Structures are given as C-alpha cells and as structure tokens.
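Understanding the architecture of this molecule
Chain by chain, the residues:
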There are 2 protein chains.
Amino acid sequence: MSDPNDRLPPLNALRAFEAAARRLSFTQAADELNVTPGAISQQIRQLEDYAGTPLFKRTGRSVLLTDAAQASLPLVREAFERISEAGRIMQAPARKGRVMVSCAPSFAAKWLAPKLGEFHRTHDGVEAWISADMGLTDFTMADADFAIRYGRGVYEGLKSEKLLDETVLPVCSPALLEGPDAIKKPEDLRHHTLLHDESGENDPSCPDWASWLRARGVEGVDGNRGPRFNQAILVIESAAAGRGVALAKQAIAASDLASGRLVAPFADGSTLIDFGYWLVWPKGRHLSPDVRAFMKWVKTEATKGEIVGV
Amino acid sequence: MSDPNDRLPPLNALRAFEAAARRLSFTQAADELNVTPGAISQQIRQLEDYAGTPLFKRTGRSVLLTDAAQASLPLVREAFERISEAGRIMQAPARKGRVMVSCAPSFAAKWLAPKLGEFHRTHDGVEAWISADMGLTDFTMADADFAIRYGRGVYEGLKSEKLLDETVLPVCSPALLEGPDAIKKPEDLRHHTLLHDESGENDPSCPDWASWLRARGVEGVDGNRGPRFNQAILVIESAAAGRGVALAKQAIAASDLASGRLVAPFADGSTLIDFGYWLVWPKGRHLSPDVRAFMKWVKTEATKGEIVGV
DNA sequence: CACTCTTGTTTAGTATTGCTGATCGATCAG
DNA sequence: CTGATCGATCAGCAATACTAAACAAGAGTG
C-alpha cells in the first residue's frame, strides 16, 4: 500500500515548478523550458494535486508563491543543483581531454582564440572549445566548464578570480597617422569619425568619447557624433578598416596593436576602468585536471599580456 | 543551441539509476520501483546515452558501478533526499492536524493504540495515525512523520531519542495461579506450556526460557519446549488465553497486566535488556509543531509507564 | 468605460516517453 | 551438460507530456 515511491513528487513537474517559482511567471518558465505556457500550467497543477495544496497564488497579473512553495523551493533548488552537478560528473569520462570555456564574443575572437594554438601545442591531448555567448545566463546548468566574464567579479553563487584588468584607449588604422588630416594630438580628431563602443555600457568608470575629450580639455570636437556598436569587436574592425578612431578596450585591441593593424595615436590616451575579465565558475563545481590546466594557462597568458601591453 | 535544459540528466532515469546502484541489481531495483527489469534496463541505457559513458559494468551475473556512476551517485542521492523532503514540506499544509507514526505491530497494538484516546482528548484538532509495519525500511521516503523502533538506537542517517527501556518477565493468565498445578515458584513451570517470543531474536541480551531458567538455577524444566511466535503480541494473546506462560516484553504486556488479564507469577522475574524503544526520524527532517507535540506526549506516556510498571 | 495587452487556464488531439511481455544470450552452480 | 538467474532487446501498448486554439480575468490606456 504505502509505496515509498508514491511519496516522491513528480520529477518533471518539479522542473516546471522551479523555473516558474524562480521567474514568478509561467510564461517565462515556459519560455525557458521551451514549452508552451499551457504545459507549465498543467505541470504545476499536477504538482499541486500531489501537494494537496496550491503552490501559487494566481493574481491575474502575475503569480506569487504560497507558503508551501516558499518553504519547499530551497530544497528543490538544491536538489537540481546536485542533479546538474551529478550529470556533469557522469559525463566527465566522455569529456576527458576537452575543456569548454564560455566567454564574450569579442574577447573570444580577439584575445582568446588567437592564443589557443599555443595552448594546443603545449598541452597535447587536451582540446579547448570556446562557446561565445553574450548573456551571463545563470550557468549552473550550462555545459561550459567555466566562463570568462567581463565585469566587477561579484557574481551570485559563483566563484571568480581576476584574470585581467581592462583599459580603454583611442586606436585607429596607421593610415590615419599620415596625410593632411594626420592625427597628432587629440584636437585633430575633429577631422575624423569617432567610433563608439557601447558594449561596456553599464560600467560608469568606462569613458565614452565625450568624457574622454572632456577629461583632456579638448575643445571643438563633438564627442557624440559617429556610429555606435554594441560589440567591442565591431569597433575594432571598423577602426582597422580605416573608418575612424575608436575608443577601444585594450584587451580586445591588443593583438591588432601588436600586429600593426591598429595603432594608438596618443601616448597618454589609456584609462584604467573598473570592469575587468574574470574567471568564473559555479561554487560547488568539481574542476577536472584538464580544466585546471587550461585555467592556469589562461592566467599565464594574461600576465604575459600585462607585461607587454599598456 | 546549447539549451541549458538539455544538460540536465533525464530525471526519471536517475530514479532507476539510484535504485539500481543502491541494490547493485537491476532486478531488485525493478522490484522496488514496481516495474519490470526491462524498464530499468532501458532507463539505465538512456542515462548512459546521456552520460556518454557506461554507468554499470555488466558481469553477466550481477552489475558493478563504473567510476562515473560511483562519483555521481552521492550527489544523486542527496538530490533525492532533498526532493523527498521538499515533497513533504509541500504537503505539510494538507497534512496539518495529522501525525503519522510508524511502529512495530505489537507495540502499536498493545502500547500505543490503547493510549491514543487520551492523546486525542488532550490535543484537540490533531489526529494521530499509526502505520504498523515490520521492516525498518529506509524510511527517508516513507510517509510517516517519525517512527518508534525497537532496537539499540543507532540508525544510519537517522536521529533517535530513547523512549522506553524494555524488560522481559514471565506472564500468564491469572487462571494458572489457581488449581492443582498453580504456579507459585519457577519449578512449577514444568506443569505448564512455555510460550516463546522470537521477535527480539537478534538481541543477545534478551533471555529466552532456557537462559531464564538457567539463570535462576531451575531444574527439571525443559526451556525449549513449547510453541514459538514471531511477534510479541501473539505471545501475549496466547498467554492471556490461558495457553501457557510467556516470557513477555513488559511494554507489550503492561496494559494486560494492569487490567488483570495477565499476571506476573514471580516477584523477581524481570530482566532489563539492551534493546529498547526509540523515537526515530530522518536527520534533515522538519518536524511540524503537531509532530513535536505528539512526540512529547509519547515521551510523557513512557515515563508514566516507568513509574507505574516493573 | 470600452479596448487591448498580457497572462494563466482549459480542452481535445497528438507526440513522446515509459512500460510490458516475450525472447534471447550469457554466466554460474550443480 | 542442464537448469536457473540475470540482463538486453524489441515490438506493441499505455501513460505522460506537449501543442494549438479558444477562453477568462485583471491592468493599463485613451
């Protein structure tokens, strides 16, 4: 009669519950789980049948958690964290020799990817995969081993370690240093297009052209004109193509500066900003030897860059 | 593309995995989950597809865990413990005012049940349910709020609190104290049937008739003859029916001794044994106010009994 | 106040998943 | 070798989960 298994809640319904409770929205939960809202609604109802009590207060507009849901949610969350981690561990043998790092597209393309060949040469048998994604989605469940994030280094539930500081400086194609409108001093910028990087928008310490010019007392240059890009790499590529002068992130521009594709027209142009690059991974995660090796290598590369650059 | 949800293992397959890993047998796992072995086999295979690596080493005869399974199993277990507990908490509002205690059939019938009326009278609005089951099944998942167990009080993963000591003493129907074969001293037992309780078999400190007689230097009585019962209550009822003299557990016999249905023929007959009755519940479990009240009441009843009895 | 937008619910139909029951192959004990 | 036991496999069936579409109920807007 009292079969112990009957006492376990329906597991798939718990997934819907967790997502809905986290978002406080069935629609968003449905979106997250790639199902229709109706499916979520049904799963929740099934769980409520099991519980014998409502889990959400439906207030027309949105939904609220009942006490029962409130009380059980932390345990459900912990359970899923463990399941997620268990899943990773199960997969570990199959992933052996592969390290997956998630990072922002620009950083991946301009900083990480060019150095990867070197890693592969020195670490035989370990291949690195880069997953370039934008959002800093809660990745306790993502399939990356760790991530490189651009920000202040404080992330809820995640451990982080500083990788690299970031500085911002004007860069342009070497072609712009010649000819009648050659850039010699900041005032010369009036003859050129200003390229705006809006990828670091939420960092108040990151200067835009307007504040950069103001800080240097440059007159007669409108710091607001010019095209805007939402990714650092786009600014860099535009600048390299000779379209204008970019206020660029040093880490992203470094390889092009080193190759001569870009030049820094002003000696004192660079500004250290608050945001930086961080190695980030979920708190309880087991890091395999391969992953550790890769992280260590990345950090070494970063210190190298600091010696050479800026 | 890399949908975070795809990274979670199939949840129902995990249940099969946990059971199979615990039992190291697909057949037994199937039995536990009330499905066929084929179903388990398929679920495990599905999980192995997910993991990309085998989880069991099939050695024809039985199965062994691979490293991947070994490593992930603890997390899976913890996850299910939390899910189980979350399930209970969800159901708490619906269970309000109900306390479910699991205990051995004899103790339930002869000790607990008779006192329940009193509890109900003093604790209005709380009803107590008794689930009398024999096995001390791992009940992290059972639906009882707590259990009363007979034993030494050490249970893996469970918390316990001493409820009652147990003593063993000869009892019989008052009818046997009269007539030509009236029982006055231990030697008189030769004229009567000895009733054997084998329910405490695994307690070496618990005397049987043979050791009881030997300890008192009684000669001429064969301590091995007579019917044997595997439950304490059966011995008691046989004795009460006048069939013979039982070496009975005090706690089980107490109510019949009090009512005069049974009597203790010898003044010095009782022996304190190692085993006793314990309140037992899973370590991380949240005990509701109702449950606490019931536990407290049970303990009070137990101390009352100690004052009156023995 | 009507209109519309958003959000959750419901229902019937469909797709997916999970299970059975029978059969097979392997292993081990006698 | 033979019988017994255990796991794997497969086709068919049952249960579960999902979709699509219509519906209902606030909340914001003009």
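It should be noted that the structure appears before, not after, this text.
Now for a quick tour of the structure. The written sequence of each chain sets the order in which its residues are numbered from 1. Labels follow written order: the first chain is A, the first ligand is 1, and so on. Only residues with pLDDT of at least 70 get local features here, since the model is predicted, and only at 80 or more are side-chain atom pairs given and counted; chain-wide, interface and lining totals rely on the full set of residues. In computing side-chain properties, one takes all heavy atoms of the structure into account and sets aside hydrogens as well as water.

1. Brief notes about the overall build of chain A
- Helix numbers and strand numbers start at the N terminus; a helix is a DSSP run of H or I with at least 4 residues, a strand a run of E with at least 2. Of the regular secondary structure elements, chain A holds 9 helices and 10 strands.
- Using C-alpha atoms as the atom set, the radius of gyration is obtained and then compared with a globule rule of 2.2 Å times the number of residues to the power 0.38. For 310 residues, the compact-globule formula gives about 19 Å, and the C-alpha radius of gyration of chain A, at 25 Å, lies well above that figure.
- Based on the C-alpha atoms only, the size of chain A along its principal axes is roughly 90 × 50 × 25 Å.
- The rule is simple: take the accessible area with a 1.4 Å probe, protein chains only, and divide by the maximum for that residue type; under 20% is buried, over 50% is exposed, in between is partly exposed. Taking all 310 residues of chain A together, 49% fall into the buried category.
- In chain A, once contacts between residues fewer than 6 apart in sequence are set aside, the share between residues at least 24 apart is 78%. Pairs of residues are marked as contacts when any of their non-hydrogen atoms sit within 4.5 Å.

2. Observations regarding the sheet that holds strand S10 (residues 271-282) of chain A
Residue and element names in this part refer to chain A.
- Should DSSP find at least two bridges between two strands, the strands are regarded as paired. Reading across the sheet, the 8 strands line up as S4-S3-S5-S10-S6-S9-S7-S8 and stay open at both edges, with mixed pairing between neighbours. Each of the sheet's edge strands pairs with one partner strand only, and the pair in question is strand S4 (127-132) and strand S8 (228-229).
- Across 3 bridges, the pairing between strand S3 (residues 98-103) and strand S5 (residues 146-151) is parallel. Bridged to Cys 103 within S5 is Ile 148.

3. With respect to the protein's contact with DNA strand C
- Residue proximity to a molecule or strand is established when one non-hydrogen atom of the residue lies within 4 Å of it. Lining the immediate environment of DNA strand C, one finds 21 residues, of which A:Thr27, A:Ser41, A:Arg58, B:Thr36 and B:Gln43 sit closest.
- In DNA strand C, atoms within 4 Å of the protein come 76% from sugar and phosphate.
- A 3.5 Å cut-off defines polar contacts: any pair of N or O atoms within that distance qualifies, except that in protein one atom must be a possible hydrogen donor and the other a possible acceptor, and neighbouring residues in sequence count only when both atoms are side-chain atoms. For DNA strand C, a phosphate oxygen lies 2.2 Å from a polar atom in the side chain of A:Thr27.
- For DNA strand C, a phosphate oxygen lies 2.8 Å from a polar atom in the side chain of B:Gln43.
- Mapped by element, the contributors of at least two residues to the surface near DNA strand C are helix H2 (26-32) and helix H3 (37-51) of chain A together with helix H3 (37-51) of chain B.
- Residue contributions to the surface near DNA strand C peak at 5 residues, all from H3(B).
- Classification used: nonpolar for Ala, Val, Leu, Ile, Met, Phe, Trp, Tyr, Cys and Pro, charged for Asp, Glu, Lys and Arg, polar for all others including Gly. In terms of residue class, the surface near DNA strand C is made up of 4 nonpolar, 13 polar and 4 charged.

Read these as spatial facts, not as claims about activity.
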